[in-house]
Each structure stands twice: as structure tokens, then as C-alpha cells.
Amino acid sequence: MTELSPAQRRAFRAQAHHLNPVVSVASNGLTPAVLKEIDHALQAHELIKIRVYGEDRAQRDSILATVCTELGAASVQHIGKTLVVWREKREEESSSAIPAEKRRKSPAKAKSAKVLSANRGMSSLSSKAPKKPHWFAAAPGKSRSGPQR
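Note that this is a predicted model, so its numbers are computed, not measured. (Residues numbered from 1 in each chain as written. Predicted model: local features only at pLDDT ≥ 70, side-chain atom pairs only at ≥ 80, totals over all residues. Heavy atoms only, no water.)

Novice: Outline the sheet that holds strand β4 (residues 82-86), supporting the account with residue identities and numerical values.
Specialist: The four strands lie next to each other as β1-β2-β4-β3, forming an open sheet whose pairing is mixed. Of all the strands in the sheet, the pair left with one neighbour each is β1 (23-25) and β3 (74-79). Adjacent strand axes in the sheet meet at a mean angle of 25° when their direction is disregarded. Alignment of β3 against β4, held across five bridges, turns out to be antiparallel. Bridging from a neighbouring strand, Ala-74 pairs with Trp-86 of β4. In this fold helix α3 (residues 57-71) packs onto β1, β2 (47-52), β3 and β4, with an angle of close to 160° to the strand it touches most, β3. (Pairing = 2+ DSSP bridges. Helix = DSSP H or I, 4+ residues; strand = E, 2+ residues; numbered from the N terminus. Axes fitted to C-alpha atoms, helices over the stretch in contact; angles between N-to-C directions. Contact = heavy atoms within 4.5 Å.)

Okay, here's the thing in C-alpha cells:
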């Protein structure tokens, strides 16, 4: 369990004020699946709120202690049924790393107009399309500026 200084705790409480709870602990308690979700949320956000449904304050204290010890997190605040927990993001393992360069597949041949329009992308915007003629033709010798009097 990580310990925070009072100044850090105050700063994290201020940041967490506007957050909504991302994980809820209901009547089943702190199951391994809930711990895994808390771990994923901490990896994604670092600072999270956990909502604990239950009337027993001692049970909420034990849930907070378990989360902090199991996941290596720090307790920021326990107010009512809401727990605020912080953990620094961990480096991802190299086995799950994506290769730096992926081969790009050549685009498949389009089979419909819908697929053709979806595959046009930015390259179609850079080329100039020929201007379409107006649906009306100007009479010879007359200007297009407006009606003549």
C-alpha cells in the first residue's frame, strides 16, 4: 500500500471531486472480478471513485484496505459509501506490446457504391474534379448578373 503526503492527498481529493464512480461493489462483496475491474480502471485513469453498497462502515473500511493492499494503491478518501483510490500507472509488459510496424493490407476491391464512397478518404479531396455545367445556359450576348431593364 502506497502512502501519500497530506499535500498529495489534498490535491487528489480536489481532482476526484468531479469524478463519477467507475466501479460498484454490491451485495456479493469484493470478488476477484471486481478487483480485476478496479485494476483496469486504475491502469486507465490512475484516480478513481468506487461506490460500495452496504450499510456497514467496517465492511467498507475492510474493502478499502483490501483494494489498497492487493493492487498496491493508495487510499485518498473514504466518505460515506464512496471510496477514492489512486495508483500510478504501471508500465505495460513487453509480451503484450504491439509490434512497431504492422504490414498494411492492400485495400480490397470495392463491390458496391457504398464501399467505394467509404474508401475515398483524403486523397479524393486533394484532386480537383471537373466543374459541372450549370443546369441553365446563359443566352448568348446576355450577362448572368441579373435581369436587364
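From this point, the discussion proceeds with the structure in view.
Novice: Can you break down the nonpolar core residue by residue, with the values?
Specialist: Among the nonpolar cores identified, the biggest contains 18 residues, and Ile-38, Leu-42, Ile-48, Ile-50, Val-67 and Val-85 are the most heavily contacted of them. Those elements that provide at least two residues to this core are β1, α2 (32-45), β2, α3 and β4. Excluding its chain neighbours within four sequence positions, the residues that come into contact with Leu-42 are Ile-48, Leu-71, Ala-73, Val-85, Trp-86 and Arg-87. Grouped together as the second largest cluster of nonpolar side chains are eight residues, Phe-12, Leu-47, Val-76 and Val-84 included. (Core = buried A, V, L, I, M, F, W, Y, C linked by side-chain atoms within 4.5 Å. Buried < 20%, exposed > 50% of the residue type's maximum accessible area, 1.4 Å probe, protein only.)

Novice: Quick rundown of the packing of aromatic side chains? Include the residues and the values.
Specialist: This model, assessed by the stated rule, comprises one aromatic pair. Centroid distance Phe-12 to Trp-86: 4.8 Å. Interplanar angle 25°. Geometry classified as stacked. In this pair, Phe-12 is assigned in helix α1 (residues 6-16) and Trp-86 in strand β4, connecting sequence segments 74 residues apart. You'll find Phe-12 and Trp-86 in the same group, each marked buried. (Phe/Tyr/Trp six-rings, centres within 6.5 Å; stacked < 30°, edge-to-face > 60°.)

Novice: Outline the packing of α2 against α3, listing residues and values.
Specialist: Two elements in contact, α2 and α3, have axes separated by 11 Å at closest approach and are oriented at 65°. At the point where α2 passes α3, the crossing takes the right-handed sense. Taking contact as the criterion, the partners of Leu-35, Ile-38, Asp-39 and Leu-42 in α2 are, on α3, Val-67, Glu-70 and Leu-71. Partitioned by chemical class, the residues of the contact of α2 with α3 number five nonpolar, no polar and two charged. (Left-handed = near helix turned anticlockwise from the far one by under 90°. Nonpolar A, V, L, I, M, F, W, Y, C, P; charged D, E, K, R; others polar.)

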